[in-house]
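An overview of the molecular structure
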Amino acid sequence: MTVSEPRTPHAVSAVTDAGEGTDEERALFESVIADDKRIEPRDWMPSAYRRTLVRQMSQHAHSEIIGMQPEANWITRAPSLKRKAILMAKVQDEAGHGLYLYSATETLGTGRDVLNDQLIQGKARYSSIFNYPAPTWADMGAIGWLVDGAAIVNQVPLCRASFGPYARAMVRICKEESFHQRQGFEILLELMQGTLAQQEMAQDAVNRWFAPSLMMFGPPDAESTNSAQSMAWNIKRFSNDELRQRFVDMLVPQAEVLGITFPDPELAWNEERGHYDFGELDWDEFAEVLAGRGPCNAQRLQRRRDAHNDGAWVREAAAAYARKTAARAVEGAAA
């Protein structure tokens, strides 16, 4: 696969809504972006910039929450107490990541209840990768190594995103994702040093997760509708194809250490480019999964709805406690 030339961010104006804001506000926004500084929630920003951030951060938050499901399903079935504890810690981290990102989104005026309703009603998107099944323990290794590895490549540049709350949230998230990738690599390494059946299980999991993990970076640059503007705003720093290429270049030497191969006959080092070439991905499959017709789309959303409904009593109890506490505070002040 030949990577297309990255889009030039400067070809797109930082201010797309020229009719909103004063000349001074628009000029200040432009200068902050040009100087590679941070926009904060109380700063003036174009409405399109705000909408883009709400879309991206909420999708990221939804992905963290839905992404808990395939791994939480393996906590009780993990092969040892150590593995159970590690997997529990990882799932807990993902819940925290969702919390950070929902909180960052709320700074732009969109409430968490609105975002949650959009998710459980099927109106919001999340990463397509979480709509694939995880039938074996080796899948926990493949998810950690490939899925979290792709997340790191995609998210580390977001630590320099132009929107302050998003960038600050990503610093901690990326540190924890590094732990997640290492534990995935360790699971696969241990399996590849085990019996023939364990080695085959590890290879099968990698075979199934390899292509979907490459699709996590989004469609090819020529078909990406949001990348150019996001790069112009310094929300995104690299194009989809650039990030995908970085990921493949990172994976190959790690796979050699593991003794694992990838199901891509076109994967080969290109001396002229200084990168690995790889085969074309099945973008029709990507579109199907994104449209809600993947192997686990319906199951993932239904489980999220069930969890929301089952937790109604907790929310009601918390609200009642908050009301009682506020009432006591008023009574105390009046006494």
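In case you missed it, the structure is sitting above this.
Residues numbered from 1 in each chain as written. Predicted model: local features only at pLDDT ≥ 70, side-chain atom pairs only at ≥ 80, totals over all residues. Heavy atoms only, no water.

**Considering the overall build of the chain**
Here is the rule: Secondary structure elements are taken from DSSP: a helix is a run of H or I of four residues or more, a strand is a run of E of two residues or more, and numbering for both begins at the N terminus. Radius of gyration here uses only the C-alpha atoms, and the compact-globule reference equals 2.2 Å multiplied by the residue count raised to the power 0.38. Accessible area is worked out with a 1.4 Å probe on protein chains only. A residue is then buried under 20% of its type maximum, exposed over 50%, and partly exposed in between. Accessibility throughout is a Shrake-Rupley quantity obtained with a 1.4 Å probe, and a residue counts as covered only by protein chains that appear here. Only four residue types enter the charge count: Lys and Arg as positive, Asp and Glu as negative, with His and the chain ends excluded. Charged groups are reduced to one reference atom each: NZ for lysine, CZ for arginine, CG for aspartic acid, CD for glutamic acid.
Along the backbone of the chain there are 13 helices and two strands. Whereas a compact globule of 335 residues would reach a radius of gyration of roughly 20 Å, the chain reaches 22 Å, a difference of no more than 12%. Across its three principal directions, the C-alpha atoms of the chain cover 75 × 50 × 30 Å. Going through the 335 residues of the chain one by one, you find that 50% of them count as buried. Looking at the chain as shown, the accessible area adds up to about 16,400 Å², and 55% of this sits on carbon and sulfur atoms. Charged side chains in the chain number 36 positive and 46 negative. The centres of these two groups are separated by 8 Å.

**Some words on unusual backbone geometry**
For Asp-36, which is not glycine, the phi dihedral falls at a positive 60°. By relative accessible area, which is 42% here, Asp-36 ends up partly exposed. Even without being glycine, Asn-234 reaches a positive phi, approximately 60°. Mapped onto the secondary structure, Asn-234 falls in the loop between α9 (227-232) and α10 (240-258).

**As for α10**
What counts, and what does not: Here, expected helix span is obtained from the residue count minus one, scaled by 1.5 Å.
Between its first and last C-alpha atoms α10 spans 27 Å; for 19 residues at 1.5 Å apiece the expected length is 27 Å, and the two agree. In the stretch just after α10, Gly-259 is the one whose phi turns positive, near 80°.

**Some words on the nonpolar core**
Spelled out, the test is: Side-chain atoms within 4.5 Å link the members of a nonpolar core, which is a set of buried Ala, Val, Leu, Ile, Met, Phe, Trp, Tyr and Cys residues. Contacts are residue-level and defined by heavy atoms, with any inter-residue pair within 4.5 Å sufficient.
By size, the foremost hydrophobic cluster in this structure holds 81 residues, and its most contacted members are Tyr-49, Trp-145, Tyr-166 and Trp-209. Counting residues per element, this core draws most heavily on helix α7 (residues 164-192), at 10 residues. What Tyr-49 contacts, discounting residues up to four positions off in sequence, is Phe-29, Ile-39, Ser-162, Phe-163, Trp-233 and Ile-235.

**Some points on the state of the cysteines**
Linking two cysteines covalently through their sulfur atoms gives a disulfide. Note the threshold: Any pair of cysteine sulfurs within 2.5 Å is marked as a disulfide.
Scanning the entire structure with this criterion turns up zero disulfides. Left without a disulfide partner, Cys-174 is nearest to the cysteine sulfur of Cys-159, which lies 3.9 Å away. With relative accessibility at 7%, the residue Cys-174 sits in the buried group.

**Some words on the environment of Ala-95**
In this structure, Ala-95 sits in helix α4 (residues 81-106). The class for Ala-95 is partly exposed, based on a relative accessible area of 30%. Linking Ala-95 and Ile-65, residues 30 residues apart in sequence, is a C-alpha distance of 5.9 Å. When sequence neighbours within four positions are dropped, the list of residues in contact with Ala-95 reads Ile-65 and Met-68.

**Observations regarding the packing of aromatic side chains**
Applied cut-off: Stacked, tilted and edge-to-face pairs are distinguished by plane angle, under 30 degrees for stacked and over 60 for edge-to-face with tilted covering the rest, among Phe, Tyr and Trp rings (Trp via its six-membered ring) whose centres lie within 6.5 Å.
Taken as a whole, this structure holds 11 aromatic pairs when the rule is applied. With 5.5 Å between their ring centres and 55° between their planes, Phe-217 and Phe-247 make a pair best called tilted. Taken as a pair, Phe-217 in the loop between α8 (196-215) and α9 and Phe-247 in helix α10 lie far apart in primary sequence, 30 residues in all. With relative accessibility at 0%, the residue Phe-247 sits in the buried group. With a centroid separation of 5.0 Å and an interplanar angle of 75°, the aromatic rings of Trp-269 and Tyr-276 are classed as edge-to-face. We classify Tyr-276 as buried; its relative accessible area is 17%.

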